[in-house]
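Each chain, written out:
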Amino acid sequence: MKKALLLTPFLFVAAAACNNEPEIDYDKQELTIHATIAATKTSISSSSLEWESGDNITVALDGESYVFKTTEQGSSATFTPEDGLTQGQVAGSPLAAYYGCDFTGSFTIPQNQTIVGGVSRTGVPMYAYTMNAPEEASIDMTFKPVASAIEVKFLPFDLTVNKIELSPVDESSVNGSFAGGFTVNPVTGKVTAKNAIHSVAAVFSSGLNISKGASFIFPIGWFSLEGGIKISVTYNEDGLYEDVILADAPF
């Protein structure tokens, strides 16, 4: 009886040792990115910007680019690599990631944007940058918009809008660009315009009936100006309404 009691602790220790799981080599695992959209005072709110299933982001690492994709929707989503990128490849290197940009941070805001379902098909370009090393083959990145966004609201009225265009009253006062090519520096977040297009338009290919009111959002570039912005609304095919906003102070 005494011998049996002495053996019992040994048997428990042996059983525990057999249940040890092998260590996971995360360096060989593909990286996943948990991407969150930030709300800032200088951009539209994050509730207006959401990832959609099928969205791609481009990750830049040491001169190479990698495409990540999500099947989720919301202001936060998990992205996985389409062409492979492991934790070991990243190690402690800085990561820049872009939505709506190429791997150098360049993006385009079209002068004419098609509006479907109240949102421009262009989408709002975003970027993220981190020097944090991934842990357990996962890393968090916060994306910030790199374009301004105009939200236009129509009160109920019995007409169909075909196009709305924004342009400066005084073109010579414009510093920056309404549309065209831009580049974002991922370290500083500074956006630089490559060319100067001083108007941008939202086009409704099938017309937008506003008998019950309507609102929509479309991206616009970085700029400042004086003298105000002219809004031109084409409606019922050949009708035209024009107004000037923000004329009292620099914008």
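Our structure is the block above this text.
Note that the structure is predicted; figures quoted are calculated from it, not measured.

(A) Inspection of unusual backbone geometry at higher detail. We note that Asp62 has phi near 50 degrees; this positive angle belongs to a residue other than glycine. Along the chain, the position of Asp62 falls in the loop between strand 2 (56-61) and strand 3 (64-69). Located in the positive-phi region is Asn236, a residue other than glycine, with phi close to 45 degrees. Note on placement: Asn236 falls in the loop between strand 19 (229-235) and strand 20 (239-245).

(B) Quick look at the packing of aromatic side chains. If you walk through the whole model with that rule in mind, you get 9 aromatic pairs. Consider the rings of Trp51 and Tyr99, whose centres lie 5.6 Å apart with planes at 85 degrees: the pair is edge-to-face. Residue Trp51 is located in the loop between strand 1 (32-37) and strand 2, and its partner Tyr99 is located in strand 5 (residues 95-99); the two are separated by 48 residues in the primary sequence. A residue is classified by how much of its surface remains accessible, and Trp51, at 1% relative accessible area, is buried. Connected via pairs of aromatic rings, a cluster forms that spans Trp51, Phe79, Tyr99 and Phe143.

(C) Region of interest: the sheet that holds strand 14 (residues 180-184). Strand order in this open sheet of 3 strands is 6-14-15, and the pairing throughout is antiparallel. Here the strands that pair on one side only, and so sit at the sheet edges, are strand 6 (106-109) and strand 15 (191-193). Along the sheet, successive strands turn relative to each other by an average axial angle of 30 degrees, direction set aside. When strand 14 meets strand 15, the two strands line up antiparallel, connected through 3 bridges. Pairing of Thr183 across the sheet is with Thr192, part of strand 15.

(D) Structural context of the sheet that holds strand 2. Reading around the barrel, the 7 strands line up as 1-4-3-2-5-9-10 and close back on themselves, with mixed pairing between neighbours. Here the average twist between neighbouring strands, direction ignored, is 30 degrees. Here strand 9 (residues 126-130) runs beside strand 10 (residues 138-145); their pairing, made up of 2 bridges, is antiparallel. Paired with Met126 across the strands is Pro145, a residue of strand 10.

(E) Structural context of the side chain of Thr70. Its place among the elements puts Thr70 in the loop between strand 3 and strand 4 (76-81). A polar contact is formed between the side chain of Thr70 and the backbone nitrogen of Glu72, at a distance of 3.0 Å. Residues within four places of Thr70 in sequence aside, it is in contact with Glu52, Ser53, Gly54, Asp55, Ala77, Thr78 and Phe79.

The rules behind the values
Chains are numbered independently. Their residues run from 1 in the order of the written sequence. In keeping with the predicted nature of the model, local features appear solely for residues at pLDDT of at least 70, side-chain atom pairs appear and are counted solely at 80 or more, and the whole-chain, interface and lining totals rest on all residues. Excluded from the side-chain calculations are hydrogens and water; all other atoms, namely the structure's heavy atoms, are used. Put simply, DSSP marks the helices as runs of H or I at least four residues long and the strands as runs of E at least two long, and each gets a number from the N terminus on. Aromatic pairing here means that ring centres of Phe, Tyr or Trp (its six-membered ring) are within 6.5 Å. Orientation follows from the plane angle: under 30 degrees is stacked, over 60 is edge-to-face, and everything else is tilted. Exposure categories follow from relative accessible area, calculated using a 1.4 Å probe and restricted to protein chains: below 20% of the type maximum is buried, above 50% is exposed, and the middle band is partly exposed. At least two bridges found by DSSP between two strands is the condition for calling them paired. What counts as an axis is a line fitted to C-alpha atoms, over the stretch in contact for a helix, and the angles between N-to-C directions run from 0 to 180 degrees. Two N or O atoms count as a polar contact when they lie within 3.5 Å, although within protein this holds only if one can serve as hydrogen donor and the other as acceptor, and sequence-adjacent residues are included solely when both atoms are side-chain atoms. The contact criterion used throughout is that any non-hydrogen atoms of two residues lie within 4.5 Å.

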